[in-house]
Every structure is written in C-alpha cells, then in structure tokens.
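Inside the fold
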Amino acid sequence: MHHKRYLLLFIVVLLLFRTGLPEIYYPWKDVYIGALENRGWAGLVLAASVDSIFAFRLQATKDGVTADGMDFLYLVSEVGPHSPDGKYARVKFDMSLPFKQGDDTPVLKKPSHGKDTLIIEWTRQDEKTVLGKIIVPSGISLSLLHYFPWDNRGRYSRTADNLIAGASEKNENSRYLFWTGSGISGRGEGEQEYAVDFPEGRRRNIYFAATLGSDLQVMDDHLYRYKNVRTIDGFLAEESTLYERTRVQINGNFKGVAEAITNNLFWMTLYQPGEHRTYIPAGRSWIFPRPDGKMDHWTIFEWDAFFNALEVSIESSKHAVDIVRAVLETQYSNGNIPNWRSRYNGTPDRSQPPIGSYVVLKLFQKSGDREFLEYAYPFLTKWHGFWKEKTSTGSLRRDGNGDGLLEWGSDRNLVSRRKYPEWEVNATGKQRAMWESGQDDLPSWSDAAFNEGAGTLAMNCVDLNCLYALDAYCLSQIAYFLDKRLDARRYNDEYEYMKKLINSTFWDERTGFYYDRHWNGTLSTRKAASNFYPLIAKIPTRERALRMVRRHLLNESYFWGDYVIPTISRDDPEFEQQQYWKGTVWPPVNYLVYQGLKAYGFDGIAYEFVKRSTSMFLNSWKNFQLCPENFDSRTGESGGSRHQSWGPLFALIALEEYIDFTPWEGFRFGMLSPEKKGSISRIAFQGRHYDLTVSGKGIQLKEEGREIITSSEPAVFRQFLYTDEEVSFDVTTLDRTKVTIRFETKGKYELLINSQTMEIFNGKSKTIRIPEGETNILIILLTRDI
C-alpha cells in the first residue's frame, strides 16, 4: 500500500510549502472578452456583467450568398493559437468554400494562408479593451454586425466621429464603444443591431478597437491611443510572440499535441449567461433548444465538461475550475448531475458516467487548490448518493433488482414533458437509459431488456459499476485530504465492497474478461471497449489484468489494430456499421482505457496505445484542422461533429504519457521505450514549472529550470516526491540504469532501496545504480550542513 502513502505525503507536503498555480493567464476576473457566443466564432463578445453584454460578429458575402453565425464553423481553415487570457488569438476561414452548405461543406486539406483566407486576430490589452485586425480576401464584402446576444436588449448608434456606441437597456451606465480604421456606412441607428458595411474590393485589412465603460468621452480618450494601424500591428506581433514563448509545448516525440489541445479548447470556450463565467460545451454546435423551440443560452454535458476541465488545466487552472463549477451547479436537488442541462431545459430523469470525483482529484493533485476541493466535495458526495438512493417506488434508483450492482436507467416520474428538444419527446425508457450511459447506441445495450418498474436496464453494467467504484475510491482520497476521516473510511470500504462484487459477478474465468450480466444470471456475449474500465478502477488482480489485456485488447480479432480502440469488438455483428457508438473510436473511452493501462504499469502497451490514438487524431488535426467527435476504427477517417470539445483527449494522453498526476500513481513521468527524443516544457504543477526530456539515452527532469533528477536509460517514475527533507519514488526500467538526484539541501542522507537501508552519505547529489524492473527509492535528510 506504499503508493497511497506517497501520494498522500506528496500532496500534504506541497500544500504546506507551496502555493497554487500562479494565475498568470487570467488577470481579469470581472470582464469576459472573446468569441464567447456559439454562433460568433467569427466575432467577439464583451461581457461586463450579467446584464451588460455587447457583441459583434462578421457576415461575409460572396456571389450574393452570405455566411453568418454557424456558417463559419464549416469554413474554418486554421484553429489558431488562443491564450487563456485572450491576450492573443487568431483564427482563419477559407472563403473559397461554398457558403450555406452545413455538413455538406467539403472537407479540404487546409492551407495555413492563402489568397482566399479571411483572418481574424485580436489581443486583449486591458480589463475592458480589445484590439484586432481582420484580413479580408478579394471578392468578399463584409459586414460587422453589432448586436446584443442571449436576449439582452439595448441600442446602437453612430457617434459624430464615426464610432459605434452601444448602451445596455438594463444598465444605462454600461456603455460600449467601437472604432474601425476604415470608412464605414451603417445600418440600424438606435436599434438592437447595427451593421457596419465594407463593400467588396481588393484584399485589405480592417483594424478595430473596442472598449467598455460608463462615460463615452472617457472611453473615446482611452481608445485614442489605439487608433493607429502600426500600434495595433505592434501589439498583435508582441502578444503572439509572447504566448508562443510561454505556452506549454511538446517537441520531438508527439510534437504538436499541446497546441492541439489548447487551441481547440480555448476557441470553444463560451460565456454562460446568468452566471457571468465561462464554460465549454460539447462543441459550438451543441447548444440545445429551449422549451419554446429557440436556441437556449447554454448547454452543459456532464462527462464532456469534466473531461474539458482536464484538457484546459494544462495551461489554466482558472478555466478548469470554472468549467467544473459550471457542471457541478447543474445538479438537481436529488443529487443528479444530469446528462445535459441548459438554462431553461435539461434531463432531470438521468445522469451520465460518474467521472467527477476522479477529475476533481486529478485537478487537485496538479494545483493543490484546497478551496476548490472543499467547494466540490458536497456536490460530488450528493451525486454519488444519487445512484443508490431509495426512490418513491421503494427500490434503489440504479440498483433495480437490489443485488448491489448498478444499471443505467431513467426516472420516469422526472421525465420532462416539454416538447423540445424533439428527440426527447416520446423517447422510451430504454433509450433514455442508453443516453445516460453516454454510449447512446452501444451494441451492448441491444440485447438488454428494460424493466419499466425499476426504470433501469435489466442488466448489470460493467462500465457503470467500475466508474462508481472509482468514484468511491476518489471520494475516499478527497475526504482524507479534507480531514474527513470517517467519510474517507466509509468510501474506501464501499470501494472494496464494490471491487469484490464486480470481481465475483462480471469476471469470466474461461475467456479472461469482464462481461455485463443480465438479471437472469447469464453473462452478455458482447465485448465493449468500456469493459476495460475495471483497469482504471483497479478492480482485477495484476494476473487478471494481464490476461484481459493480452487476450482481448491486443488481439486484432477483437480490439487491436491501426486505429484503436473500437467501442465494440471487431467480431461483433454490429461492428461494420461504424455509426456513432457502433464500432467507432471515441476520445473519452480511449482516455479511460489508457489511464487504466498506466494504473497497472503496463507502460509499453500504454505507449503503443497512445502512439496509435494520437497519430490518428493528429492526421485529422494537422491536415484538415478537424477536432472530430469520433473516428472510423477501420480507416481512421473522422466522423461525427467536426469540432468536438473532448476530441483533444487523444492528444492529452500523449501529453500525459510524458508527465501526469493520477489517483493511483501520484506524480508520474517518463517513458520506458520512446521511439525518439522528445520534450515537454513549461508544464505547471503545484506552483512549479517543469521541463522533461525523454530519449533512448534516459530522462531529465527540471524544476524551475534546475535539474533535479536524471537517468541513464529510459524509465518511468511514479509516486515522485521531492522536498528539502525527502526524495522518494518508484522507478521502472527495462535495463540497469543510473539515477542521479540533486538535492535542495546539502547534508547527511539515508538511502533506502525497497525499504532496506543501503547507506548513509553526505552531499548535495547522489547517483544510484538501479536494476531492471521495479524499484522503490527513499532518501531521507538526516542533518543539514551548516
């Protein structure tokens, strides 16, 4: 059980001696500026407060056809850099593509820059001001439509010196002022919308500046310093260079994955009206209709949102916390964190996979933010209780037959009676249960009956039970950190109980695999990728884990191949459909299976899994600037939504293959058999920045630019703890290696290898010869040199 000790000690020590991640990326807490409306990717929102929100978006006309709003989603040719604070952002659109074609718009290999490319780049210069440039290709007429998003009201007008002024109806003291360096003609004086027109011409630049305030004259004086083309170009160049120099980057092995994550996620960040904060939906096209049929103001999907928080956390803990807060606060009074919820609608009848405690614990390990942990804990415990709460029918909500195991389901008495969205109307209980699983039409559910009385599938589900067990374990760790010892013991006991029950119920000794079980006691014959979830919950013994990985995961007749991992085994009768969850490859499943492989130390298999997953994703991303919802597991072709917020999970596992924090492994870094040299730089944990280089010649880890540990051969370090009092870690290597540790303090140390004292030594560094295999190292400072 030493892994628990080192994980707990690492967090406790860092909480005592280190502050949280510096918020260098988000200095402005009260005003939000960015492309924060889903239909306004080609535009900006300036939100001063809940009732003071202004916006403009581009409308482009070619050959009499106008592209507006969501049309631009299909014209994107570069999802460019976007710093978390908005200090620099750039996006490009291909104006040679046909307008108004939606999903039928051709997917072409994307040029980074061309004569038909429309480019928008902008920089936030202070709390309330944004500057930018729009490069318009020839043959395109452009309008900048100023409007009030999300049912806000106000008026726009043109001032005497050709600026656009806006005033909020609910807050007359909140004003907006917009300048552009080009001559303008306008439409909409004193109205809700005001269009600034730029007629068709040669390729040209349109410069702009916008600000918020209460006094138009003061605002005009403030904008004066920016009403200069060279000034704006200078700021844009400076902020672009600065962000590229300071952002997290990976070079060599898996080059480009860090940018793929952050570029996509920060461009998908939207404003949440009514809450005055940002969140990330499943994608810009995933805002559902409200009860009157009009587009709702926001839509949050449960497990999408938690995964989004992990993705953005590599550069901004503030964004990650905001995303988690947004999804936790969708919770209904019975504890349900729903499948999805919008401002005016939602799914009170069902939830989605319970990954929240796992994500929150990971974020805490990386940031040390105890306040965040204290905030999240009541939501998470209430949600955990939701699954086995006794309902009005007398049964346990998702334990329909009372055997202690869970099934996906839907509370019929809580089903919304609203007529929108249309697909929810008259949906069966079984369909709603399948939606709760997050794997909407997974073939595993095809053979399962639905028990109307219980409101659940009549089949115990491996995926749900394992994620529920994982949730209990993570809650026990969170409770421990919060000094809630009784809770910690209770949740750990529940984890052990579920672990025993899962092993005795779902495991088939003959085939060496976990299967769903029908209520009549027969095991399902379907093998899904999510049947590997026992790994991430550490359910099987190591022997069982090896059997299921070797016999099933690595078997090309079942799951292995060039494109992994299909949601259902390749020999399943529905595999060839390759529609939605029928045999395709999905980001969240790959992420959870990867983390399960790492939890058991299957490092070589995990590396190959990452390589295949990431290669598939980067091919689509680099060549077509797509961030797909899923992939065909036969061809690697992208499918589903073109820009899905959890798409970069395929890239995140490559980044985490370098360095990560997990509930089972603590602080882990390194690779066993990297194919080529690679490095990750400027990744922040616990208030410190780390640089890691991995190659066939070994590992080098730097903290704040100072080398702290190296190895002469490739290796994976786990449970890594580094303080001025103690250094400890577990290390795995395929060959004998020398590990050198450089201490913070010069003094007398005791070296223990596999719990045995090996020597007492003096100095400020130590080189240790490590045999192949797994070794535990503990070095304790005995006395300091004076």
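Not measured: the values here are computed from a predicted model. (Residues numbered from 1 in each chain as written. Predicted model: local features only at pLDDT ≥ 70, side-chain atom pairs only at ≥ 80, totals over all residues. Heavy atoms only, no water.)

1. Some remarks on the overall build of the protein
Helices and strands together make up the secondary structure of the protein, namely 15 helices and 39 strands. Taken against the 2.2 N^0.38 rule, which gives 28 Å for 786 residues, the C-alpha radius of gyration of the protein at 27 Å falls within 12% of a compact globule. Looking at the protein as a whole, 65% of its 786 residues are labelled buried. In the protein, the share of contacts with a sequence separation of at least 24, taken over all contacts with a separation of at least 6, comes to 65%. Working note: accessible area of the protein is about 27,900 Å², and carbon and sulfur atoms make up 47% of it. In the protein, 97 positive and 101 negative side-chain charges are present, and the distance between their average locations comes to 2 Å. (Helix = DSSP H or I, 4+ residues; strand = E, 2+ residues; numbered from the N terminus. Rg over C-alpha atoms; globule rule 2.2 N^0.38 Å. Buried < 20%, exposed > 50% of the residue type's maximum accessible area, 1.4 Å probe, protein only. Contact = heavy atoms within 4.5 Å. Areas by Shrake-Rupley, 256 points an atom, 1.4 Å probe, with all protein chains shown as cover. Lys, Arg positive; Asp, Glu negative; His and termini not counted. Charge placed at Lys NZ, Arg CZ, Asp CG, Glu CD.)

2. Thoughts on the sheet that holds strand 12 (residues 175–180)
Reading across the sheet, the eight strands line up as 5-6-7-8-15-12-11-10 and stay open at both edges, with antiparallel pairing between neighbours. Both edges of this open sheet fall to strand 5 (76–82) and strand 10 (154–158), since each of them pairs with a single strand only. Averaged over neighbouring strand pairs, the angle between their axes works out to 15° when direction is ignored. Alignment of strand 7 (residues 117–126) against strand 8 (residues 129–136), held across seven bridges, turns out to be antiparallel. Bridge assignment links Ile120 to a residue of strand 8, and that residue is Ile134. (Pairing = 2+ DSSP bridges. Axes fitted to C-alpha atoms, helices over the stretch in contact; angles between N-to-C directions.)

3. Comments concerning the side chain of Ser395
Here Ser395 shows up in the loop between helix 8 (370–386) and helix 9 (429–436). The residues touching Ser395, leaving out its near neighbours within four places in the chain, are Glu389 and Lys390.

4. Details of unusual backbone geometry
Each neighbour pair has its own omega, and for Val564 with Ile565 the value is 0°, a cis peptide bond. Take Ile565: it is sitting in the loop between helix 12 (542–553) and helix 13 (587–599). In this structure, Lys100 is a non-glycine residue whose phi angle is positive, near 65°. Tracing the backbone shows Lys100 in the loop between strand 6 (89–94) and strand 7. One non-glycine residue, Trp150, lies in the positive phi region at around 55°.

5. So, helix 15 (residues 649–658)
In terms of residue burial, helix 15 counts as a mostly covered element, since 10 of its 10 residues are buried. Those residues of helix 15 that sit buried are Leu649, Phe650, Ala651, Leu652, Ile653, Ala654, Leu655, Glu656, Glu657 and Tyr658.

6. Here's the deal with the pattern of salt bridges
Under the definition given, this model contains 55 salt bridges. In this structure, Glu78 and Arg90 form a salt bridge, with 3.0 Å as the shortest nitrogen-oxygen distance. Highlighted residues: Glu78 in strand 5 and Arg90 in strand 6, separated in sequence by 12 residues. Side by side, Glu78 and Arg90 carry an identical accessibility label, which is buried. Note that Asp349 is salt-bridged to Arg432, the shortest N-O span being 3.9 Å. Placement of the pair is Asp349 in the loop between strand 20 (340–342) and helix 7 (356–367) and Arg432 in helix 9, with a sequence separation of 83 residues. Summarising the burial analysis for this pair, Asp349 and Arg432 share the class buried. Taken together, the salt bridges that share partners define one network made up of Lys362, Lys598, Asp603, Glu656, Glu657, Asp660, Glu665, Arg668 and Arg718. (Salt bridge = Lys/Arg side-chain N within 4 Å of Asp/Glu carboxyl O.)

7. Observations regarding the packing of helix 4 (residues 257–267) against helix 5 (residues 302–312)
For the pair helix 4 and helix 5, the least separation of the axes is 9 Å and the interaxial angle reads 125°. The angle between helix 4 and helix 5 falls in the class oblique. Of the two possible hands of crossing, helix 4 and helix 5 adopt the one that is left-handed. Mapping the contact onto sequence places Ile261, Leu265 and Phe266 in helix 4 and Asn308, Glu311 and Val312 in helix 5. Looking at the contact of helix 4 with helix 5, its residues break down into four nonpolar, one polar and one charged. (Parallel < 35°, antiparallel > 145°, perpendicular 65-115°, else oblique. Left-handed = near helix turned anticlockwise from the far one by under 90°. Nonpolar A, V, L, I, M, F, W, Y, C, P; charged D, E, K, R; others polar.)

8. Brief notes about the environment of Leu73
With respect to the helices and strands, Leu73 occurs in the loop between strand 4 (65–68) and strand 5. Counting along the chain gives 29 residues from Leu73 to Gly102, while the straight-line C-alpha distance between them is 8.4 Å.

9. Looking at the nonpolar core
Core analysis: the largest hydrophobic core is formed by 217 residues, its most contacted members being Phe93 and Ile659. Sort the elements by how many residues they give to this core and helix 10 (residues 462–481) lands first, with 14 residues. Every residue in contact with Ile659, bar those within four places of it in the chain, is listed here: Phe667, Arg668, Phe669, Ile680, Ile683, Phe685, Tyr690, Leu692 and Leu701. In this structure, Tyr88, Leu131, Tyr207 and Leu223 belong to the second largest nonpolar core, which totals 13 residues. (Core = buried A, V, L, I, M, F, W, Y, C linked by side-chain atoms within 4.5 Å.)

10. Some words on the confidence of the model for the protein
Averaged over all residues, the pLDDT of the protein is 93; the fraction at 70 or higher stands at 96%. pLDDT under 50 marks residues 1–28. Its contacts with residues more than four places away, or in other chains, come to 73 contacts. (pLDDT = per-residue confidence, 0-100.)

11. Comments concerning the environment of Leu546
With respect to the helices and strands, the residue Leu546 is situated in helix 12. Residue classification places Leu546 among the partly exposed residues on the basis of a relative accessible area of 23%. The spacing of Leu546 and Phe602 is 56 residues in sequence and 8.6 Å in space, taken between C-alpha atoms.

12. Topic: helix 2 (residues 216–224)
Of the positions making up helix 2, those classed as buried are Met219, Asp220, His222 and Leu223. Around the axis of helix 2, the buried residues are gathered within 160° of arc, so they sit on the same side. Helix 2 presents Val218 and Tyr224 as exposed residues on the side facing more than 90 degrees away from its buried surface. Check the buried side of helix 2 and you find it contacts strand 7, strand 8, strand 12 and strand 15 (204–213). For helix 2, the capping residue at the N-terminal end is Asp215, with a side-chain oxygen 2.9 Å from the backbone nitrogen of Gln217. (Arc of directions from axis to C-beta. Polar contact = N/O pair within 3.5 Å; in protein donor to acceptor, adjacent residues only side chain to side chain.)

13. Concerning the packing of aromatic side chains
Counted according to the given criterion, the structure contains 58 aromatic pairs. Residues Phe56 and Phe178 carry aromatic rings whose centres are separated by 5.2 Å and whose planes lie at 65° to one another, so their mutual orientation is edge-to-face. You can see Phe56 sitting in strand 3 (residues 52–62) and its partner Phe178 sitting in strand 12, a full 122 residues away along the chain. For the pair shown, Phe56 and Phe178 are each scored as buried. Where Phe306 meets Trp383, the ring centres are 6.0 Å apart and the plane angle is 10°; that geometry is what we call stacked. Of the two residues, Phe306 sits in helix 5 while Trp383 sits in helix 8, which places them 77 residues apart along the sequence. What makes Phe306 buried here is its relative accessible area of 0%. Through a chain of ring-to-ring contacts, three or more aromatic side chains come together here, namely Phe661, Phe667, Phe669, Phe685, Tyr690, Phe717, Phe720, Tyr722 and Phe729. Note that Arg485 overlies the ring of Tyr480, its terminal NZ or CZ placed 4.4 Å from the centroid. Against the face of Phe761 rests Lys766, its NZ or CZ located 4.9 Å from the ring centre. (Phe/Tyr/Trp six-rings, centres within 6.5 Å; stacked < 30°, edge-to-face > 60°. Lys NZ or Arg CZ within 6 Å of the ring centre and 35° of its normal.)

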